[in-house]
Amino acid sequence: MEEEDGEWVVVRRPAEKDLWKSSSMDADEDEDDDRPLKVVFSGPATHWTDAIPIGNGRIGAMIWGGVAADVLQLNDDTLWTGTPGNYTDPNAPAALSVVRKLVDDGKYAEATTEAVKLSGNPSEVYQLLGDINLEFDSHLKYDEKTYRRELDLDTATARIKYTVADVEYTREHFSSNPNQVIVTKISGSKAGSVSFTVSLNSKMDHHSYVKGENQIIMEGSCPPSRVAPRTDNDKGVLFTAILSLRISEGSGRIVVLDDKRLKVEGSDWAVILLVASSSFDGPFTNPIDSKKDPTSESVNAMDSIRNLSYNDLYGRHLDDYQTLFHRVSLKLSKSSKSRLGNGDSDMKKLLAFNKDLSVKAAEDDTISAAERVKSFQTDEDPSLVELMFQYGRYLLISCSRPGTQVANLQGIWNKDTEPPWDGAQHTNINLQMNYWPALSCNLRECQEPLFDYISSLSVNGSKTAKVNYEANGWVVHQVSDLWAKTSPDRGEALWALWPMGGAWLCTHLWEHYTYTLDKDFLKNKAYPLLEGCAKFLLDWLIEGPGGYLETNPSTSPEHMFIAPDGKPASVSYSTTMDMSIIKEVFSQIVSAAEVLGRNDDELIQRVQKAQPRLLPTKIARDGSIMEWAQDFEDPEVHHRHVSHLFGLFPGHTITPDKTPDLCKAADYTLYKRGEEGPGWSTMWKAAIWARLHNSEHAYRMIKRLFDLVDPDHEANYEGGLYSNLFTAHPPFQIDANFGFSAAIAEMLVQSTVKDIYFLPALPRDKWANGCVKGLKARGGLTINICWSEGDLHEVGIWSKENNVQKRLNYRGVVVNAKISSGKVYTFNRQLKCIKTYSL
């Protein structure tokens, strides 16, 4: 920050420079950096999905931006119903034997009915913290033309501006990770113009009171169970929030109202600070036994920032956030041929054209996000794709940071005591998709809560595996929660019986290593978890016909089939998804063992003996990938899940190079599945099409997401976006926001442990010109790419820590490259190295 005429103004910190100095495209970098990344609104929120999300990983807020009255709806990621549970069922082995016998006898409908006895209890429920309520009695009449509400992704700051009479009012909101505080500044353009009343409230069991002259304390608790009524002896997670007010010196005053509210009168500005703590002390500690006192912790948190000014807090917030956010930039634009003339390749004219686009984008930042979404089907504005890509990165930074809880079905943002699907972590796609962009989009630190969560799941999951299945290792089913629930969900086998959740999560461990080459992480964190997972899978596999090892019972998540006897069923054996995940885990632990010199481990020997006995992926009579071990009739060919394509994405057992026949079948499978579906399904399909190097269909799925959902009639929609760019199932689920960023990255760069593919699914007619900087590839590599008129212009590659050998691929051109640590390599469109220099 710098001082200007006695006022503090924010100086935008430059984007993290990618150290790529050789590209002629880079001459336009300054103009590109000025293109705004703002989610703009035309008025105050009327629905929760119009509000602006901010967060520091642990505590978040949804900002409505009302004028006469405003609400900051608050969340804390540790506020859930319940206490640690018992995730075992001693009756399960007997029921399992019956189900397996029915499956062996081909009685799939009967097995499906009997499998209900393997289901367990529901997950606990994500809760909410409360509300900051602001009342501005003198702002009942304002100039609506002056109203502006926006989320600036570059600074992770929400701003509201409007004019009352001749005074311009500004509110700024951010959630600081370094200081663990939500900060709001309210200011007016005239001295003494700021007056309002503030209070805290909550839907939870709570009480609030004023402490001293400028603080409000709210203490409350979560229900000890999602179902049981509260008794005097029950005790759920306790929480405390403290709100502290600061006003300008020498003007204004703070008045206490009814011991619950604070009123600011005649100040130049006011700063509201909100800290929060809970008694949650890990998934294995009952809240009644917790030693954590949320009130004293909140008091200490507020005391720790007592001597920090607003500018100090904002500067620390920017330094922390922008260190992550500025790692990646993306600029896309349409073809300039109509502007330049056919065959005109003058780079200066091209740069001028792109500069004009930047100016237009700066002008367009006054248009609301809702209007931009509505017009996308006709204008296909590439800058809106840029915004959505970076919005996904912003949301991940805002809801998953080292030391926080794992991002749930809604990130950290929730307004209900009974949120959709409990706001729980669903492990048959949704939780995994939340973390798809972490590696490719250069946010590796944001994955840490996922690995901590997997560790907790492995503890409870070992008990579930031992008791329910008489197996070693650890297991996780479809739905979990804050308490690391590992038992099956309640209800039908269609969704409840799916013991592959932990195995899918484990694939993220090896992926993290392949991107970072962090051997300590592999040895100390990833490998022990992979070991436990592999042990369970080896015990879960049983001898089947034809010498194959099979999973029985087995489901393809949430999808039914018609059995040969004409009855609907969901339980059979060895679904394609089961086999694909097991193949992935087995391949990964063998590779990990090789890195760590553990090839001779008895477990690795067992895995290697099992690998050739896993049922191969089959092609059905109609040419699609078979979803089940038998070619059952599919009663819902447009089903939202594409589970049987796991081996293609996010897995690696189906690839265009090594399994072209299966890729052809996968292509037809996607065509057969259709394009409709919830937001997460749309983005999964986009990523799969990208992995097939099919730019046309990948883009079609990207475009399909841009459908503005009416919150009052959301049941009429499938997928789409709300006005705040949250993605819709509907209702809101955050997974597709993350899936969008991952899919865009997959369209621009793909990598394996040996290869890098540049622009493998670039829609050249839609994003003819562009530049992406800072994406990551496996091997610890950072990638920059610029292209013009749909063709590669230059590539920059570097590694800070590792010497890496890679095959570079672009449109059939294959080049072997050695990337030495500490050097930047620039390649032209023929993948010829034209320049190197040291970092």
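Everything below is about the structure shown above.
Residues numbered from 1 in each chain as written. Predicted model: local features only at pLDDT ≥ 70, side-chain atom pairs only at ≥ 80, totals over all residues. Heavy atoms only, no water.

1. Regarding the layout of surface pockets
Right, on to step 1. Each pocket or cavity is described by its volume, and for the largest pocket that value is around 1,000 Å³.
Right, on to step 2. What lines the largest pocket is a set of 41 residues, among which H652, T653, T655, K658 and T752 lie closest to the centre.
Right, on to step 3. For the lining of the largest pocket, the elements supplying multiple residues, two or more each, are α14 (501–516), α16 (576–596), α21 (735–748), β26 (749–751), β27 (755–758) and β28 (769–777).
Right, on to step 4. Residue classes in the lining of the largest pocket are distributed as 13 nonpolar, 16 polar and 12 charged. (1 Å grid on protein atoms, 1.4 Å probe; cavity = no way out; pocket = protein on both sides within 12 Å on 5 of 7 lines; lining within 4 Å. Points joined across faces, edges and corners; volume = space filled by probe spheres on them. Helix = DSSP H or I, 4+ residues; strand = E, 2+ residues; numbered from the N terminus. Nonpolar A, V, L, I, M, F, W, Y, C, P; charged D, E, K, R; others polar.)

2. Considerations on the packing of aromatic side chains
Right, on to step 1. Applying the stated criterion across every chain yields a total of 36 aromatic pairs.
Right, on to step 2. Taking 5.0 Å as the distance between ring centres and 50° as the angle between the ring planes, the aromatic pair formed by F451 and F521 counts as tilted. Remark: F521 occurs in helix α15 (residues 519–540) and F451 occurs in helix α12 (residues 448–469); sequence separation between them is 70 residues.
Right, on to step 3. Classification of F521 as buried rests on a relative accessible area of 12%.
Right, on to step 4. Taking 6.2 Å as the distance between ring centres and 35° as the angle between the ring planes, the aromatic pair formed by Y668 and Y671 counts as tilted. Of this pair, Y668 and Y671 both sit in helix α18 (residues 660–673), 3 residues apart, which is roughly one turn of the helix.
Right, on to step 5. One aromatic cluster is present, built from ring pairs that chain together W436, W498, W504, F646, F649 and W684.
Right, on to step 6. One cation-aromatic arrangement involves K185 over W269; the distance from NZ or CZ to the ring centre is 5.7 Å. (Phe/Tyr/Trp six-rings, centres within 6.5 Å; stacked < 30°, edge-to-face > 60°. Buried < 20%, exposed > 50% of the residue type's maximum accessible area, 1.4 Å probe, protein only. Lys NZ or Arg CZ within 6 Å of the ring centre and 35° of its normal.)

3. Digging into the state of the cysteines
Right, on to step 1. As enumerated under the stated definition, the model contains 1 disulfide in all.
Right, on to step 2. In this model, C771 is linked to C786 through a disulfide, with the two sulfur atoms separated by 1.9 Å. Where C771 bonds to C786 through sulfur, the torsion about that S-S bond is close to -45°, and the disulfide is left-handed. In this pair, C771 sits in strand β28 while C786 sits in strand β29 (residues 781–788), placing the two residues 15 residues apart along the sequence. For the pair C771 and C786, a shared accessibility class is recorded, and that class is buried.
Right, on to step 3. Here C441 stays free of any disulfide, with the sulfur of C446 as its closest cysteine sulfur at 11 Å.
Right, on to step 4. What makes C441 buried here is its relative accessible area of 0%. (Disulfide = S-S within 2.5 Å.)

4. Section: the nonpolar core
Right, on to step 1. Ranked by size, the top nonpolar core spans 236 residues in total, and within it F196 and W684 carry the most contacts.
Right, on to step 2. Residue contributions to this core peak at 12 residues, all from α15.
Right, on to step 3. Membership of the second largest hydrophobic core comes to 16 residues, among which are A301, M302, I305 and L308. (Core = buried A, V, L, I, M, F, W, Y, C linked by side-chain atoms within 4.5 Å.)

5. Digging into the side chain of S554
Right, on to step 1. Position of S554 relative to the elements: it lies in the loop between β23 (549–550) and β24 (561–562).
Right, on to step 2. Overall, S554 belongs to the buried group, its relative accessible area being 2%.
Right, on to step 3. A polar contact of 3.0 Å, which involves the side chain of S554, links it to the side chain of T575. (Polar contact = N/O pair within 3.5 Å; in protein donor to acceptor, adjacent residues only side chain to side chain.)

6. With respect to unusual backbone geometry
Right, on to step 1. With an omega of 10°, the peptide bond running from F649 to P650 counts as cis.
Right, on to step 2. Relative to the helices and strands, P650 resides in the loop between α17 (602–610) and α18.
Right, on to step 3. Phi angles above zero are rare outside glycine, and L725 is one such case at about 70°.
Right, on to step 4. By secondary structure assignment, the location of L725 is in the loop between α20 (695–705) and α21.

7. Brief notes about the environment of V824
Right, on to step 1. Mapped onto the secondary structure, V824 falls in strand β33 (residues 823–828).
Right, on to step 2. With 13 residues separating them in the primary sequence, V824 and Y837 have C-alpha atoms 5.4 Å apart.

8. Brief notes about the pattern of salt bridges
Right, on to step 1. Counted according to the given criterion, the structure contains 41 salt bridges.
Right, on to step 2. With a shortest N-O distance of 2.9 Å, D70 and R171 are connected by a salt bridge. A residue pair is termed long-range when its members are at least 10 positions apart, and D70 in strand β6 (residues 69–76) and R171 in strand β10 (residues 167–176) qualify at 101 residues.
Right, on to step 3. Taking the relative accessible area as the measure of exposure, D70 reaches 2% and is therefore buried.
Right, on to step 4. Overall, R171 belongs to the buried group, its relative accessible area being 1%.
Right, on to step 5. Where K101 meets D105, a salt bridge forms, and the shortest distance between an N and an O atom there is 2.6 Å.
Right, on to step 6. On the accessibility criterion, D105 (40% relative accessible area) is partly exposed. (Salt bridge = Lys/Arg side-chain N within 4 Å of Asp/Glu carboxyl O.)

9. Notes on the pairing of strand β9 (residues 157–164)
Right, on to step 1. Among the 8 residues of β9, 7 are classified as buried, and the element is accordingly described as predominantly covered.
Right, on to step 2. Bridge analysis of strand β8 (residues 143–152) against β9 gives 6 bridges, and the strand direction is antiparallel. Within the sheet, the bridge partner assigned to L151 lies in β9 and is A158.
Right, on to step 3. Looking at chain direction, β9 and β10 are connected through 7 bridges and run antiparallel. (Pairing = 2+ DSSP bridges.)

10. Observations concerning the sheet that holds strand β19 (residues 329–333)
Right, on to step 1. The 6 strands are arranged β19-β28-β29-β30-β33-β34 in an open sheet whose pairing can be described as antiparallel. Here the strands that pair on one side only, and so sit at the sheet edges, are β19 and β34 (833–838). Neighbour-to-neighbour, the strand axes of this sheet turn through a mean angle of 15°, independent of strand direction.
Right, on to step 2. Note that β28 and β29 share 7 bridges and pair antiparallel. Each bridged residue has a counterpart across the sheet, and for L775 the counterpart in β29 is I783.
Right, on to step 3. Across the sheet, helix α9 (residues 382–399) lies against β19 and β28, angled at about 160° from β19, the strand it touches most. (Axes fitted to C-alpha atoms, helices over the stretch in contact; angles between N-to-C directions. Contact = heavy atoms within 4.5 Å.)

11. Some points on α12
For the α-helix, the turn length of 3.6 residues means that residues three or four positions removed from each other point alike.
Right, on to step 1. If you check α12, its first and last C-alpha atoms are 30 Å apart, about what 22 residues at 1.5 Å a residue would give, namely 32 Å.
Right, on to step 2. At N460, α12 shows its largest kink, close to 30°.
Right, on to step 3. Of the residues one or two after α12, E470 is the one with positive phi, at around 50°. (Expected span 1.5 Å × (residues − 1). Bend = angle between axes of the 7 residues up to and from the residue.)

12. Concerning the sheet that holds strand β17 (residues 261–267)
Right, on to step 1. Ordered in space as β4-β5-β6-β7-β12-β17-β16, the 7 strands form an open sheet in which the pairing is antiparallel. Each of the sheet's edge strands pairs with one partner strand only, and the pair in question is β4 (52–55) and β16 (253–257). Averaged over neighbouring strand pairs, the angle between their axes works out to 20° when direction is ignored.
Right, on to step 2. Two elements, β16 and β17, share 5 bridges in a ladder whose sense is antiparallel. Each residue of the ladder has a partner; that of V255, found in β17, is K263.

13. Brief notes about the side chain of S368
Right, on to step 1. On the secondary structure map, S368 appears in the loop between α7 (347–364) and α8 (369–379).
Right, on to step 2. Aside from chain neighbours lying at most four places away, what touches S368 is V40, F41 and S42.

14. A word on helix α4 (residues 294–304)
Right, on to step 1. Among the residues of α4, P294, T295, S298, A301 and M302 are the ones counted as buried. Considered in projection along α4, the buried side chains sweep an arc of 125° and stay on one side of the axis. Seen from the open side of α4, the exposed residues pointing more than 90 degrees away from its buried face are N300 and S304.
Right, on to step 2. In this structure, the buried residues of α4 make contact with β14 (215–221), β15 (238–247) and β18 (269–278).
Right, on to step 3. The backbone nitrogen of T295 lies 3.1 Å from a side-chain oxygen of the residue at the head of α4, namely D293. (Arc of directions from axis to C-beta.)

15. Looking at the packing of α14 against α15
Right, on to step 1. Look at α14 against α15: their axes get within 9 Å of each other, and the N-to-C directions meet at 155°. Our classification of the angle between α14 and α15 gives roughly antiparallel. The element α14 and its partner α15 pack so that their crossing is left-handed. Taken together, the residues of α15 that come into contact with α14 (itself represented by G502, A503, C506, L509, W510, H512 and Y513) are K519, F521, L522, A526, L529, L530, C533 and L537. (Parallel < 35°, antiparallel > 145°, perpendicular 65-115°, else oblique. Left-handed = near helix turned anticlockwise from the far one by under 90°.)

16. A word on the pairing of strand β11 (residues 181–188)
Right, on to step 1. Pairing of β10 with β11, which is carried by 8 bridges, proceeds in the antiparallel orientation. The residue bridging R171 from the neighbouring strand is I186, located in β11.
Right, on to step 2. Remark: 4 residues form the turn of the hairpin made by β10 and β11, two consecutive strands paired antiparallel; Q180 in that turn has positive phi of roughly 50°.
Right, on to step 3. Pairing of β11 with β18 involves 6 bridges; the strand directions are antiparallel. Residue pairing for β18: I186 is matched across the bridge by A270.

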